[in-house]
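What the coordinates show
So the chains spell out like this:
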Amino acid sequence: MGMDIGEFRESLASSDLEPKTLGVCLALTDILSKIRPGDGQHLGLSYFRERLDKGSRAEEILPALSVLCTFEGAILEMHGYLDDDDEGQLHLEDEDFQGLLFTGKLAHPVTGDLVDDPLEHVRFFYSLRSDA
C-alpha cells in the first residue's frame, strides 16, 4: 500500500528538490488532492496547466510531473496513447509505452508494424495511482 497524498506531500516538502520544481510539485499535489475518487485516470498536461496558479512557472510542469511519477511513494503514473489517423486513439499497454520511452521505438498496437517517428504521434497522460 502506497502513501496517501497528504503523506506524499509531507515527504516532498521535506525533500531537497530544487525550490522552483518543489513549489510546482506541491501545487500539483494540492490539485491532485481535490480529485474525487475514480476521476483521476486520464489527466492530460492541459488539466494541470489550467489548474496551476498563473504565477507558477510553466516550464517546471513537466519536471514536476516527472517527480510525482518517480519520487518514493509516487502518486502518479504516466501512460500514453497513439494518435492514429486510421484507428483513432489507441491506448498503449504500459510495457509498450515504457519500451517506447527507453528505445524510441513502437510497434503499432493493431498492425504490429513499427511506427515512424512514434514520439510525434504518442500523447502522454497521467493517472492517479489507485493506492494514492
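Scroll up to find the structure this text is about.
Turning our eyes to something else, we now look at the pattern of salt bridges. According to the stated counting rule, one finds 5 salt bridges in the structure shown. Between aspartate 39 and arginine 36 there is a salt bridge whose closest N-O contact spans 2.8 Å. Judged by relative accessible area, which is 41%, aspartate 39 ranks as partly exposed. Among the residues examined, arginine 36 registers a relative accessible area of 60% and is labelled exposed. Note that arginine 129 and glutamate 77 form a salt bridge whose closest N and O atoms lie 3.3 Å from each other. Of this pair, arginine 129 sits in the segment after β3 (122-128) while glutamate 77 sits in strand β1 (residues 76-84), placing them 52 residues apart in sequence. The partly exposed category is assigned to arginine 129, whose relative accessible area is 27%. You can call glutamate 77 partly exposed: its relative accessible area is 28%.

Okay, the sheet that holds β1 next. On the basis of which strands lie adjacent, the open sheet formed by 3 strands has the order β2-β1-β3 and antiparallel pairing. Pairing within the sheet leaves two strands with one partner each, and these edge strands are β2 (88-91) and β3. This sheet shows a mean twist of 35° between the axes of neighbouring strands, independent of strand direction. Looking at chain direction, β1 and β2 are connected through 4 bridges and run antiparallel. By the bridge assignment for β2, aspartate 84 is matched with glycine 88.

Take the pairing of β3 next. Note on strand geometry: in a regular strand, side chains alternate between the two faces of the sheet. For β3, the buried fraction is high: 5 of the 7 residues fall into the buried class. In terms of strand pairing, β1 meets β3 through 7 bridges, oriented antiparallel. Following the sheet pairing, methionine 78 is matched in β3 by tyrosine 126.

Turning our attention to the packing of aromatic side chains. This structure, assessed with the given rule, holds 5 aromatic pairs. Arranged with centres 5.3 Å apart and planes meeting at 90°, the rings of tyrosine 47 and phenylalanine 48 form a pair that is edge-to-face. Ring centres of tyrosine 81 and phenylalanine 125 lie 6.2 Å apart, and the angle between their planes is 35°; on these two criteria the pair is classed as tilted. Of the two residues, tyrosine 81 sits in strand β1 while phenylalanine 125 sits in strand β3, which places them 44 residues apart along the sequence. For tyrosine 81, a relative accessible area of 14% corresponds to the buried category. Here a set of aromatic residues connected by ring pairs shows up, and it is made of Tyr47, Phe48 and Tyr126.

Conventions used here
- Residues numbered from 1 in each chain as written.
- Predicted model: local features only at pLDDT ≥ 70, side-chain atom pairs only at ≥ 80, totals over all residues.
- Heavy atoms only, no water.
- Salt bridge = Lys/Arg side-chain N within 4 Å of Asp/Glu carboxyl O.
- Buried < 20%, exposed > 50% of the residue type's maximum accessible area, 1.4 Å probe, protein only.
- Helix = DSSP H or I, 4+ residues; strand = E, 2+ residues; numbered from the N terminus.
- Pairing = 2+ DSSP bridges.
- Axes fitted to C-alpha atoms, helices over the stretch in contact; angles between N-to-C directions.
- Phe/Tyr/Trp six-rings, centres within 6.5 Å; stacked < 30°, edge-to-face > 60°.

Distances and angles like these do not, on their own, reveal function.
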